[in-house]
Amino acid sequence: MIEIVKPTISDCAQMKNLIDKFVKTHVVLPRPIEDIAERIREFFIAKDGSKVIATSSLRIFYPNLAEIRTITIDENYQKQGLGRKLVEKELEEAKALGIEKVFALTTQIEFFKKMDFSLIDKKDLPLKKIWEDCIKCPLFPNCNEEALIINL
């Protein structure tokens, strides 16, 4: 049975292995295992028994702004609605924390639009995002992603 849960430290190695598969295709940025462990509270994961099959993360930038990121789904579990369920969990958590807006930087534009996100100009993203994450991307400064945002 597949369940979406908050991960524990013992899930970090499996999370890293799954994330690494998507790093190779530039879907997500690399995450050292130390970073995953340090930010473990930002994540939700989907598990099939003891196997980590999907990840997502909610990174808070300001008291009223967060980013959904590091969405990965094992290829054998795609097209089953796990992405939607993970994003819904992240948005529920953002609301519970009192966050007003959540953005995503992604190539999966239609997926996020179906979840009521709207396109925005990347220039409207926090500079902290650019200097912490984007600068590490092998595609920087020629980003192929679009920015979308939702008001909660």
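Residues numbered from 1 in each chain as written. Predicted model: local features only at pLDDT ≥ 70, side-chain atom pairs only at ≥ 80, totals over all residues. Heavy atoms only, no water.

Asks: Got a minute to help me understand the pattern of salt bridges in this structure?
Replies: If charged atoms from side chains of opposite charge come close, those side chains can pair. Inspection of the entire model under this criterion finds nine salt bridges. Between Arg59 and Glu42 there is a salt bridge; the shortest N-O distance is 3.7 Å. Within this pair, whereas Arg59 is found in strand S3 (residues 51-62), its partner Glu42 is found in the loop between helix H2 (33-38) and strand S2 (43-48), the two being separated by 17 residues in sequence. Residue Arg59 shares its accessibility class with Glu42, and that shared class is buried. The partner of Glu88 in a salt bridge is Arg84, and the shortest N-O contact between them spans 3.6 Å. Separated by four residues within a single helix, Glu88 and Arg84 lie in helix H3 (residues 82-97), roughly one turn from each other. Residue Glu88 is classed as partly exposed on the basis of its relative accessible area, which comes to 33%. Overall, the relative accessible area of 36% leaves Arg84 in the partly exposed class. One salt-bridge network, held together by shared partners, links Asp35, Arg39, Glu42 and Arg59. (Salt bridge = Lys/Arg side-chain N within 4 Å of Asp/Glu carboxyl O. Helix = DSSP H or I, 4+ residues; strand = E, 2+ residues; numbered from the N terminus. Buried < 20%, exposed > 50% of the residue type's maximum accessible area, 1.4 Å probe, protein only.)

Asks: For this particular structure, what's the right way to read H3?
Replies: Each turn of an α-helix holds 3.6 residues, which means side chains three or four residues apart point in the same direction. A rise of 1.5 Å per residue sets the reference length of H3, with its 16 residues, at 22 Å; its end C-alpha atoms lie 23 Å apart and thus fit the reference within 8%. The complete set of buried residues in H3 reads Leu82, Gly83, Leu86, Val87, Glu90, Leu91 and Ala94. (Expected span 1.5 Å × (residues − 1).)

Asks: Honestly, the pairing of strand S7 (residues 146-151) in this entry has me stumped. Any pointers?
Replies: In summary, the side chains of a regular strand alternate between the two faces of the sheet. Here strand S5 (residues 101-106) runs beside S7; their pairing, made up of six bridges, is antiparallel. What sits directly across from Thr106, in S7, is Glu146. Where strand S6 (residues 118-120) lies against S7, three bridges are found, and the strand directions are antiparallel. Looking at the pairing, Ile120 lines up with Ala147 of S7. (Pairing = 2+ DSSP bridges.)

Asks: Looking at this model, I keep getting lost on the sheet that holds S2. Mind explaining?
Replies: Two strands in a sheet stick together by hydrogen bonds in their backbones, pointing the same way (parallel) or opposite ways (antiparallel). The strand order across the open sheet formed by seven strands is S1-S2-S3-S4-S5-S7-S6, and the pairing between neighbours is mixed. The open sheet terminates on both sides in strands that have one partner only, identified here as strand S1 (2-5) and S6. Each adjacent strand pair in this sheet contributes to an overall mean axis angle of 25°, direction not counted. With seven bridges joining them, S3 and strand S4 (residues 65-73) adopt antiparallel strand pairing. (Axes fitted to C-alpha atoms, helices over the stretch in contact; angles between N-to-C directions.)

Asks: Which parts of the structure should I look at to understand the packing of aromatic side chains?
Replies: Aromatic rings in a pair are described by how distant their centres are and how their planes are angled relative to each other. On inspection of all chains with the given rule, the structure shows three aromatic pairs. Ring centres 5.0 Å apart and planes at 90° place the aromatic pair Phe111 and Phe112 in the edge-to-face group. Put simply, the rings of Phe111, Phe112 and Phe117 touch in pairs and so form one group of aromatic residues. Its end group placed over the ring of Phe61, Arg59 keeps NZ or CZ at 5.2 Å from the ring centre. (Phe/Tyr/Trp six-rings, centres within 6.5 Å; stacked < 30°, edge-to-face > 60°. Lys NZ or Arg CZ within 6 Å of the ring centre and 35° of its normal.)

Asks: It is not clear to me how the nonpolar core should be interpreted in this structure. Could you clarify?
Replies: Side chains of a nonpolar character, in soluble globular proteins, are inclined to be buried together. With 14 residues, the main nonpolar core has Leu58, Ile68, Val87, Leu91, Val102, Phe112 and Phe117 as its most contacted residues. Those elements that place two or more of their residues in this core are S4, H3, S5 and S7. With three residues, the single largest contributor to this core is H3. (Core = buried A, V, L, I, M, F, W, Y, C linked by side-chain atoms within 4.5 Å.)

Asks: Which parts of the structure should I look at to understand unusual backbone geometry?
Replies: Most of the time, phi is negative for any residue but glycine, and the peptide bond is trans. A positive phi angle is found at Thr70, which is not glycine, with a value near 55°. Within the secondary structure, Thr70 is located in strand S4. Note on Thr70: relative accessible area 6%, which makes it buried. For Asp116, which is not a glycine, the phi torsion comes out positive at approximately 75°.

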